[in-house]
Amino acid sequence: MAVASFILGLLGLLVLNVFLGPIAIALAVVALWRGTTRRGRAYLGLGLGIADLVVLVTVMQMDHTVSWSF
């Protein structure tokens, strides 16, 4: 779960961050709660999931829309 959280958080920075960000956060929290041995990847997934949502909110404020594109 920690690795999946990391990968989804990383992908969420580029596409579908409104969906992948919360999923990455949830997977990281569950992985940490279960006592994963890959704590670093779980924390990275948590941070990237939060970063996904921060990027989404920032770009939404700049474009005044609900979604964003390049």
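Note that the coordinates shown come from a computational prediction; the quantities given were computed from them, not determined experimentally.

The rules behind each value
Residues numbered from 1 in each chain as written. Predicted model: local features only at pLDDT ≥ 70, side-chain atom pairs only at ≥ 80, totals over all residues. Heavy atoms only, no water. Helix = DSSP H or I, 4+ residues; strand = E, 2+ residues; numbered from the N terminus. Buried < 20%, exposed > 50% of the residue type's maximum accessible area, 1.4 Å probe, protein only. Contact = heavy atoms within 4.5 Å. Arc of directions from axis to C-beta. Expected span 1.5 Å × (residues − 1). Axes fitted to C-alpha atoms, helices over the stretch in contact; angles between N-to-C directions. Parallel < 35°, antiparallel > 145°, perpendicular 65-115°, else oblique. Left-handed = near helix turned anticlockwise from the far one by under 90°. Nonpolar A, V, L, I, M, F, W, Y, C, P; charged D, E, K, R; others polar.

**Q** I tried to follow the side chain of Ser5 on my own but got confused; where do I start?
**A** Summarising the element assignment, Ser5 is placed in helix H1 (residues 2-12). On the basis of relative accessible area, Ser5 is assigned to the buried category, the value being 0%. Beyond its immediate stretch of four places on either side in the chain, Ser5 contacts Ala24, Leu27, Ala28, Ala42, Gly45 and Leu46.

**Q** How should unusual backbone geometry be read in this particular structure?
**A** Note on backbone geometry: most residues besides glycine have negative phi, and most peptide bonds are trans. Look at Leu16: it is not a glycine, yet its phi comes out positive at around 50°. As for its position among the elements, Leu16 is in the loop between H1 and helix H2 (17-33). For Leu16, a relative accessible area of 53% corresponds to the exposed category.

**Q** Looking at this structure, how should I read the environment of Leu53?
**A** Assignment of secondary structure puts Leu53 in helix H3 (residues 39-63). Sequence-wise, Leu53 and Asn17 are 36 residues apart; in three dimensions their C-alpha atoms are separated by 6.6 Å. Not counting the four nearest positions on each side in its chain, Leu53 is found in contact with Asn17, Pro22 and Ile25.

**Q** Before we go on, may I ask you to explain H1 in this structure?
**A** Because each turn of an α-helix spans 3.6 residues, side chains separated by three or four positions in sequence point in the same direction. Listed as buried for H1 are Ala2, Ser5, Gly9 and Gly12. All buried residues of H1 lie within an arc of 90° about the axis, which places them on one face of the element. Taken together, the buried residues of H1 touch H2 and H3.

**Q** Can you walk me through H2 in this structure?
**A** An ideal rise of 1.5 Å per residue puts 24 Å on 17 residues; H2 measures up with 23 Å between its terminal C-alpha atoms. Of all the positions in H2, only Asn17, Leu20, Gly21, Ala24, Ala28, Ala31 and Leu32 are classed as buried. Seen from one end, H2 has its buried residues packed into an arc of 105°, which puts them on one side. Exposed and facing more than 90 degrees away from the buried side of H2 are Phe19 and Trp33.

**Q** Honestly, the packing of H1 against H3 in this entry has me stumped. Any pointers?
**A** Helix-helix packing is characterised by the crossing angle of the two axes and by the distance between the axes. Contact geometry of H1 with H3 gives a least axis separation of 7 Å together with a crossing angle of 30°. Classified by the interaxial angle, the pair formed by H1 and H3 is roughly parallel. Handedness of the crossing formed by H1 with H3: left-handed. Within the contact between the two elements, H1 uses Ala2, Val3, Ser5, Phe6, Leu8, Gly9, Leu10 and Gly12 and H3 uses Arg41, Ala42, Leu44, Gly45, Leu46, Leu48, Gly49 and Asp52. A breakdown of the residues in the contact of H1 with H3 according to their chemical character gives nine nonpolar, five polar and two charged.

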